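Chain by chain, the residues run as shown.
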Amino acid sequence: MSLSDGSRLPLLQQVSLDVKKGESVAIIGASGSGKTTLITLMATLDVPTQGSIKIAGQDVSALDEEARAAVRGRSIAFVFQNFQLLDGLTALENVLLPLEVRGVTGAPQVAAEYLQAVGLGERQQHYPAQLSGGEQQRVALARAFACRAPLLFADEPTGNLDATTGANIAERLFAL
C-alpha cells in the first residue's frame, strides 16, 4: 500500500498457502493483521505487488481485470464483511442476480431454496433496509451458497449473527 508521503507499507510478507480441493481453511488473527487483504487477493479482487496467486494451477495474478472477472464469475463466491447487498433489490433478487448472470437453470427456485436454508424463507420480498444486520448477512450467505462455486471466500461470515445462527451457518459453510 502506498502512503501519502509516497512510501510503501507492506501489508503481507512471505505468505505461502496451498489449499487442496475439498479443504476448508480458516484464517484467524488480530484485527488489522491482514486477513481481509489476504482473502481479497486470493479471491482475485486485488492483485499482489509481488508473488503470485494461483487457482487450479493458473496464475490469476498475471491476468488483466477482465480475465480475473471471468475467473470469479465461474469459480468464486464471496461473502463480504459488509454484505454488498443492492439496496434496490429484495432479498430474493439479491440472491437471484448472480445466478441469472451465470445462467443457472431454475434460478428463482434455487434462490428461494437457499434463502429458506438460512432461515429467511418468509423475508424474500424484503429489501436490505427492512432487514436486520444478521438477516442481511444471511442473505449474503445465501447468495454465496446458491452460486455453488468451487471456491467460497467468506470474510467474517458469522460476525453479526447470534451464537445459534452463527453455529448453524458455520456448519453449513464447512459442509459445502
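Residues numbered from 1 in each chain as written. Predicted model: local features only at pLDDT ≥ 70, side-chain atom pairs only at ≥ 80, totals over all residues. Heavy atoms only, no water.

Trainee: Explain the overall build of the protein chain here, please?
Mentor: The helix and strand inventory of the protein chain stands at 6 helices and 4 strands. Listed by position from the N terminus, the elements making up the protein chain come as α-β-β-α-β-α-α-α-β-α. Computed over C-alpha atoms, the radius of gyration of the protein chain comes to 17 Å, within 12% of the 16 Å expected from 2.2 N^0.38 for 176 residues, which places it in the range of a compact globule. When the backbone C-alpha atoms are referred to their principal axes, the protein chain occupies close to 50 × 35 × 35 Å. (Helix = DSSP H or I, 4+ residues; strand = E, 2+ residues; numbered from the N terminus. Rg over C-alpha atoms; globule rule 2.2 N^0.38 Å.)

Trainee: Just checking my understanding: could you explain the confidence of the model for the protein chain for this structure?
Mentor: Reading fine detail from the predicted coordinates is not recommended where pLDDT is low. In the predicted model, the protein chain carries a mean pLDDT of 88, and 95% of its residues have values of at least 70. Within the protein chain, the lowest mean pLDDT, 79, falls on helix H6 (residues 163-175), and the highest, 95, falls on helix H4 (residues 107-117). (pLDDT = per-residue confidence, 0-100.)

Trainee: It is not clear to me how the pattern of salt bridges should be interpreted in this structure. Could you clarify?
Mentor: As a working rule, side chains carrying opposite charge can pair if their charged atoms are close by. Counted under the stated rule, the structure contains 4 salt bridges. Arg 68 is the partner of Glu 65 in a salt bridge, and the nearest nitrogen-oxygen pair spans 2.5 Å. In this pair, Glu 65 and Arg 68 are both assigned in helix H2 (residues 65-75), 3 residues apart and thus about one turn of the helix distant. (Salt bridge = Lys/Arg side-chain N within 4 Å of Asp/Glu carboxyl O.)

Trainee: Looking at this structure, how should I read the nonpolar core?
Mentor: Note that soluble globular proteins tend to have their nonpolar side chains buried in a common cluster. Ranked by size, the top nonpolar core spans 30 residues in total, and within it Val 95, Leu 99, Leu 115 and Val 139 carry the most contacts. Breaking this core down by element, the ones donating at least two residues are strand S3 (76-79), helix H3 (91-102), H4, helix H5 (133-147) and H6. The element best represented in this core is H5, accounting for 8 residues. Beyond its immediate sequence surroundings of up to four residues, Leu 115 is in contact with Ala 91, Leu 92, Val 95, Leu 120, Gly 121, Gln 124, Val 139 and Ala 142. (Core = buried A, V, L, I, M, F, W, Y, C linked by side-chain atoms within 4.5 Å. Buried < 20%, exposed > 50% of the residue type's maximum accessible area, 1.4 Å probe, protein only. Contact = heavy atoms within 4.5 Å.)

Trainee: Quick question: what am I supposed to make of the packing of aromatic side chains here?
Mentor: The relative placement of two aromatic rings is captured by the distance of their centres and the angle of their planes. All told, the structure shown has 2 aromatic pairs when counted by the stated rule. Among the aromatic residues, ring-to-ring pairing joins Phe 78, Phe 80 and Phe 153 into one connected group. (Phe/Tyr/Trp six-rings, centres within 6.5 Å; stacked < 30°, edge-to-face > 60°.)

Trainee: Looking at this structure, how should I read the packing of H3 against H4?
Mentor: The description of two packed helices rests on the angle between their axes and on the distance between the axes. Relative to each other, H3 and H4 sit at 130°, their axes nearing to 9 Å. The angle between H3 and H4 falls in the class oblique. Note that H3 runs across H4; the crossing there is right-handed. Taking contact as the criterion, the partners of Ala 91, Leu 92, Val 95, Leu 96, Leu 99 and Glu 100 in H3 are, on H4, Ala 107, Pro 108, Val 110, Ala 111, Ala 112 and Leu 115. Considering only residue class, the contact of H3 with H4 consists of 11 nonpolar, no polar and 1 charged. (Axes fitted to C-alpha atoms, helices over the stretch in contact; angles between N-to-C directions. Parallel < 35°, antiparallel > 145°, perpendicular 65-115°, else oblique. Left-handed = near helix turned anticlockwise from the far one by under 90°. Nonpolar A, V, L, I, M, F, W, Y, C, P; charged D, E, K, R; others polar.)

Trainee: It is not clear to me how H6 should be interpreted in this structure. Could you clarify?
Mentor: End to end, H6 covers 18 Å across 13 residues, agreeing with the expected 18 Å (1.5 Å per residue, within 8%). For H6, every residue scored as buried is listed here: Thr 165, Gly 166, Ile 169 and Leu 173. Down the axis of H6, the buried set is contained in an arc of 100°. They therefore lie on one face. The exposed set on the far side of H6, more than 90 degrees from its buried face, consists of Ala 163, Thr 164, Glu 171, Phe 174 and Ala 175. Residues of H6 that are buried in the fold lie against H5 and strand S4 (151-154). Here H6 starts with a cap whose side-chain oxygen sits 3.1 Å from the backbone nitrogen of Thr 164, and that cap is Asp 162. (Expected span 1.5 Å × (residues − 1). Arc of directions from axis to C-beta. Polar contact = N/O pair within 3.5 Å; in protein donor to acceptor, adjacent residues only side chain to side chain.)

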